[in-house]
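Structural overview for review
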Amino acid sequence: MARREGMVRLPVCLGLFLFGGCGGSAAAPASVVTGEAPAVHYSIAVDAELRTLSATVCPRDLRLARLRVTRPEDASRVQRPRVVRAAGEVPLEIEQDAVPISSDTDGACIGYDVDLGPPREGFWLAHGGGHVLASPDVWLLAPEPRPAGTRVTASFTLPAGVRVAVPWPEDSRGHRIPETAFTMRGAGAFGALGREALSVGGAALDVVSLGDGFGERAPLVTRWLERSAAALTQLHDDFPVPRVMVLLLPQPGDDVGFGMALRGGGPTVMLMVGSSVSTEALDKDWTAVHELFHLSAPRFHPRDAWLSEGLATYYTDILMGRARMLDEKSAWDDLRDGFQRGNRRGTGRTLRQESLDMHETYAYWRVYWAGAAIALLADVELRKRGVDGGLDAPLRELARCCAQSKEAWSAERFAEFVDERTGQAVMKPLVARYAGSADFPDTAEVLAALGVRGAGRDMTLVEDAPRAGVRKAMMAPRKR
Ligand SMILES: [Zn+2]
């Protein structure tokens, strides 16, 4: 069930440290030595126009050498770096993409401002009516050095009516900034944000709507997110991560548009949704399931994007079929259609090269559906060999151990993981055969054996096909 969050302001300037100040102009004494683990606290403020963010960064038991800009292209947005002391402020310089801090600052707090204007299009910094989509990548400077175990926290001071959305875990004392906020791309927003807390499969979904939200359609959007997230439990015992920030970006229109899964600072899904989105569009949408699925697998090397996109593409249809968001026939027709289109498109590069270049060549269909075809071949082969549930069990285990893994995985590592768990040499040969090849994986034989015949309206599922039982098991609602 959905429940609306009360109109409670976010924690404001909790002063986690004795010397932690509010906002960017806080004065603070030099650090104290406590004998505890090193820590850094960010006191963050934005102005009412959402044009300037001010941060005061206070180390404890740690001597900072520099604050580094996460995205070098945004270095020019960093302004007025300064040492903040009770006696006053001392200006610092910006050198390329970092603010060096000399040793004579003696652990004092460092302040800086970030210019959040002028308005810019995109997903990292964009202004809308009453809000700004502002990724922490743009405004969160990374403290260096940052020894393992350093506790990094943040508190916000916000004007009336302004809220903050970041994927960082939060408790009554404020936000804890995970290491991934400094190493992977993330999302964030400030302004008049709509907010709803959902609970699905044991996970907390922090659903944030930008702009005017969805008005009377909001309950439809909520139900769509709930059933999309619940589809993941057709594979996993619970939702694969404990907390997700879902950023809904309303756009003109009645359809669901682009989506993106991010990991920096915590699992995040961004979805562009038409502000007058129709029930029909929400019913047939696959984007939310696809993006949420990404959170259940580790990050892969860009050259193996075919595998992360392939698994997500394949399982989107499988899970929607199991959850009866698609009927069995439509789910199989969608897979068949995807393989056919993927086979027709592409630039003739190898799958790995196609993956690396797809943002320039737009060979997305090729990459996504070649990966999905490999997932199908592996899944069916494992089931044929008597591995109950095929790829399901290894993917469940992968989610448990490694969904939030810091390092990027290779296809070979994934193949070894699957083959070890299943005791079968299935995934490794498929990776060896297709990753370095320009051939589209041949699914015709497998689809025929499963009894998937014809296309579109003429498609039939053949009841007495040799592997009809496997086909039915693949789309059967999960028993617990
Ligand atoms: Zn994807």
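Residues numbered from 1 in each chain as written. Predicted model: local features only at pLDDT ≥ 70, side-chain atom pairs only at ≥ 80, totals over all residues. Heavy atoms only, no water.

By the naming in an unreviewed UniProt entry, the protein chain goes by Peptidase M61 catalytic domain-containing protein and is assigned to Polyangium spumosum.

1. Section: the coordination of the zinc ion
Cut-off, in case you're wondering: Nitrogen, oxygen and sulfur within 2.8 Å of a metal are treated as its donors, or within 3.2 Å for sodium, potassium and calcium (Na, K, Ca); water is not counted, so a site can appear incomplete. Under the DSSP-based scheme used, a helix requires at least four consecutive residues in state H or I and a strand at least two consecutive residues in state E, with every element numbered from the N terminus. In this scheme, a residue with accessible area under 20% of its type's maximum is buried, one over 50% is exposed, and one in between is partly exposed, where area comes from a 1.4 Å probe on protein chains only.
Here the zinc ion is held by the protein donor atoms H290 (NE2), H294 (NE2) and E309 (OE), which lie 2.0 to 2.1 Å from it. Read N to C, the donor residues that coordinate the zinc ion are spaced as H-x3-H-x14-E. Here H294, found in helix α5 (residues 287-294), pairs with E309, found in helix α6 (residues 305-322); they are 15 residues apart in sequence, far enough to count as distant. H294 sits in the buried class, given a relative accessible area of 9%. Its relative accessible area of 12% is what places E309 among the buried residues.

2. Considering the pairing of strand β20 (residues 256-262)
As a reminder, the rule being used: Two strands are counted as paired when DSSP detects at least two bridges linking them.
Examined bridge by bridge, β20 and strand β21 (residues 268-274) share five bridges and lie antiparallel to one another. By the bridge assignment, L262 is partnered in β21 with T268.

3. A few points about the confidence of the model for the protein chain
Rule in force here: A residue's pLDDT is simply how confident the predictor is in it, with values from 0 to 100. The contact criterion used throughout is that any non-hydrogen atoms of two residues lie within 4.5 Å.
Considering every residue of the protein chain, the mean pLDDT works out to 90; 92% of them sit at 70 or more. Considering only residues more than four positions removed or in separate chains, one finds that residues 1-32, a stretch of pLDDT under 50, has 84 contacts.

4. Focus on α6
Note the following rule: Expected helix span is taken as 1.5 Å per residue step, with the number of steps being one fewer than the number of residues.
For α6, spanning 18 residues, the distance from its first C-alpha to its last is 25 Å, which sits close to the expected 26 Å at 1.5 Å a residue. Within α6, 18 of the 18 residues are buried, which leaves the element mostly enclosed by the surrounding structure. Immediately beyond the C-terminal end of α6, within one or two residues, lies R324, with a positive phi of roughly 60°.

5. Here's the deal with the packing of aromatic side chains
Keep this limit in mind: By convention, a stacked pair of Phe, Tyr or Trp rings (six-membered ring in the case of Trp) has centres within 6.5 Å and planes under 30 degrees apart, an edge-to-face pair has planes over 60 apart, and any other such pair is tilted. Note on geometry: a ring has a charge over it if NZ (lysine) or CZ (arginine) is within 6 Å of the ring centre and within 35 degrees of the ring normal.
Applying the stated rule across the entire model yields 14 aromatic pairs. A cation over a ring is seen here: R185 above W124, with NZ or CZ 3.9 Å from the ring centre. The ring of W409 carries the charged tip of R413 above its face, separated from the ring centre by 4.0 Å.

6. Section: unusual backbone geometry
In this structure, the amide linkage connecting E144 to the following residue, P145, adopts the cis form with an omega of -5°. Examined against the element boundaries, P145 turns out to sit in the loop between β11 (142-144) and β12 (151-157). A positive phi angle is found at L50, which is not glycine, with a value near 60°. As for its placement among the helices and strands, L50 is situated in the loop between β2 (39-46) and β3 (52-60). Non-glycine residue D106 carries a positive phi angle of around 55°.

7. A few points about the sheet that holds strand β4 (residues 66-68)
This is how the line gets drawn: Convention adopted: a line fitted to C-alpha atoms gives each axis, helices being fitted over their contacting stretch, and angles between N-to-C directions are expressed from 0 to 180 degrees.
The strand order across the open sheet formed by three strands is β7-β4-β11, and the pairing between neighbours is antiparallel. Either end of the sheet is taken by a strand with one partner, and the two such strands are β7 (98-100) and β11. Strand-to-strand twist across the sheet, computed as the mean angle between neighbouring axes with direction ignored, equals 20°. Where β4 meets β11, three bridges bridge the pair, whose relative direction is antiparallel. Note that in β11 the partner of L67 across the bridge is P143.

8. Some thoughts on the pattern of salt bridges
Where we set the bar: Any Lys or Arg side-chain nitrogen found within 4 Å of a carboxyl oxygen on Asp or Glu counts as a salt bridge.
The tally for this structure, following the rule as stated, stands at 34 salt bridges. With a closest N to O distance of 2.7 Å, D304 and R352 form a salt bridge. One end of the pair, D304, is in the loop between α5 and α6; the other, R352, is in helix α8 (residues 351-361), and 48 residues separate them in sequence. D304 gets classed as buried once you look at its relative accessible area, which sits at 0%. Residue D379 pairs with R383 through a salt bridge whose shortest N-O separation is 3.0 Å. Here R383 and D379 lie together in helix α9 (residues 364-384), a separation of four residues that amounts to about one turn. For the pair D379 and R383, a shared accessibility class is recorded, and that class is buried. Salt bridges sharing common partners tie together R66, R68, D97 and E144.

9. Observations regarding the state of the cysteines
Rules: Any two cysteine sulfur atoms within 2.5 Å of one another count as a disulfide.
Going through the model one piece at a time under the given rule, you end up with two disulfides. Disulfide partner of C58: C109, at an S-S distance of 2.0 Å. Across the disulfide from C58 to C109, rotation about the S-S bond amounts to roughly 115°, and the bridge is consequently right-handed. A residue pair is termed long-range when its members are at least 10 positions apart, and C58 in strand β3 and C109 in strand β8 (residues 109-115) qualify at 51 residues. Across the disulfide, C401 is cross-linked to C402 (sulfur-sulfur distance 2.1 Å). Of note, the bridge from C401 to C402 carries an S-S torsion of about -100° and is left-handed in sense.

10. A closer look at the nonpolar core
The criterion, for reference: Residues belong to a common nonpolar core when they are buried Ala, Val, Leu, Ile, Met, Phe, Trp, Tyr or Cys residues joined through side-chain atoms within 4.5 Å.
Ranked by internal contacts, the top residues of the largest apolar core, which has 90 residues, are W224, L248, W332, L376 and F414. If you tally residues by element for this core, the top one is α9, at 12 residues. Contacts of L248, omitting those with residues within four sequence positions, involve V207, V208, S209, L210, F214, V221, W224, L225, L271 and V273.

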